[in-house]
Amino acid sequence: MAKLKLGVLGSGKGSNFRAIADAIARGELDAEVCIVISDIADAGILTLARERGIRAEFVHPGRFRTKMEPDREHHLAQLLRDAGADFVVLAGYMRMVKAPLLDAFPRRIINIHPSLLPAFPGLDAWKQAVDARASKSGCTVHYVDSGMDTGEIIARTEVPVLADDTPETLHARIQSAEHNLYPAVLAQLTARAPR
Ligand code: GRF
């Protein structure tokens, strides 16, 4: 049976992408990453993809800060389609997703967010948790809709917030949880997806 193909979008260092690629290499996730795309030309995630022989593309986002310009997002969607992506996996992609991409991949775009949604949506969720003196936080994998971290929740992992946590120490603990949760959720989704 043909493997399901994942198109990965990211703006940062790519540790979640690495966890996904490693899970595939270990045989724990029956899928393949067909393309990695970033809105940041020198993002670490593109380097990690190239090191693994995976196609890596930079797409200039245009002049907006929080989303892509519509024609740029059309181009992004076309690249994903041409690469044969079945699912679009957001892994530290720092822009809102809008109609061009949402319409091209209905209920096929997944994100991981570093809090227990619906708590602490938006930027620097780990800092929000420390500032709010929350006793717990974690990470959430969810479908992407047009809102800010509002799509249907698929799975969450809880981590404690310790009394002496800084935003950085909490983020590191959350990221460890992310690296287990994201490949596991993708394995479940891809196992039951029609192909
Ligand atoms: C992760 O904490 C993820 O939850 C958030 O952005 C961060 C990306 O980290 N959306 P990385 O680039 O995967 O290391």
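Described in the following lines is the structure provided in the data block. (Residues numbered from 1 in each chain as written. Predicted model: local features only at pLDDT ≥ 70, side-chain atom pairs only at ≥ 80, totals over all residues. Heavy atoms only, no water.)

## Concerning the sheet that holds strand 3 (residues 56-58)
Alright, step 1. In spatial order, the strands read 3-2-1-4-5-6-7; together these seven strands make up an open sheet with mixed pairing. The outermost strands of the open sheet, each flanked by one partner alone, are strand 3 and strand 7 (153-160). Mean inter-strand twist for the sheet, computed between neighbouring axes without regard to direction, equals 20°.
Alright, step 2. Inspection of the sheet shows strand 6 (residues 136-143) paired to strand 7 by seven bridges, in the antiparallel sense. Its bridge partner being in strand 7, T140 is matched across the sheet by R156.
Alright, step 3. Against the sheet, helix 1 (residues 15-25) engages strand 1 (4-9), strand 2 (31-38), strand 4 (87-90) and strand 5 (109-113), with an angle of about 160° to strand 2. (Pairing = 2+ DSSP bridges. Helix = DSSP H or I, 4+ residues; strand = E, 2+ residues; numbered from the N terminus. Axes fitted to C-alpha atoms, helices over the stretch in contact; angles between N-to-C directions. Contact = heavy atoms within 4.5 Å.)

## Quick notes on helix 6 (residues 167-192)
Alright, step 1. An ideal rise of 1.5 Å per residue puts 38 Å on 26 residues; helix 6 measures up with 36 Å between its terminal C-alpha atoms.
Alright, step 2. At E178, helix 6 is deflected by roughly 25°, the largest bend along its length. (Expected span 1.5 Å × (residues − 1). Bend = angle between axes of the 7 residues up to and from the residue.)

## Focus on the pairing of strand 2
Alright, step 1. Buried residues dominate strand 2, accounting for seven of its eight residues.
Alright, step 2. Where strand 1 and strand 2 come together, six bridges link them in parallel fashion. Bridge pairing in strand 2 places L6 opposite V33.
Alright, step 3. Following the chain from strand 1 across helix 1 to the adjacent parallel strand 2, one finds a crossover that is right-handed.
Alright, step 4. Pairing between strand 2 and strand 3: three bridges, direction parallel. Residue pairing in the sheet places V36 in a bridge with A56 of strand 3.
Alright, step 5. Note that the unit made of strand 2, helix 2 (residues 44-51) and strand 3 has a crossover that is right-handed. (Buried < 20%, exposed > 50% of the residue type's maximum accessible area, 1.4 Å probe, protein only. Right-handed = clockwise from strand over helix to strand, strands pointing away.)

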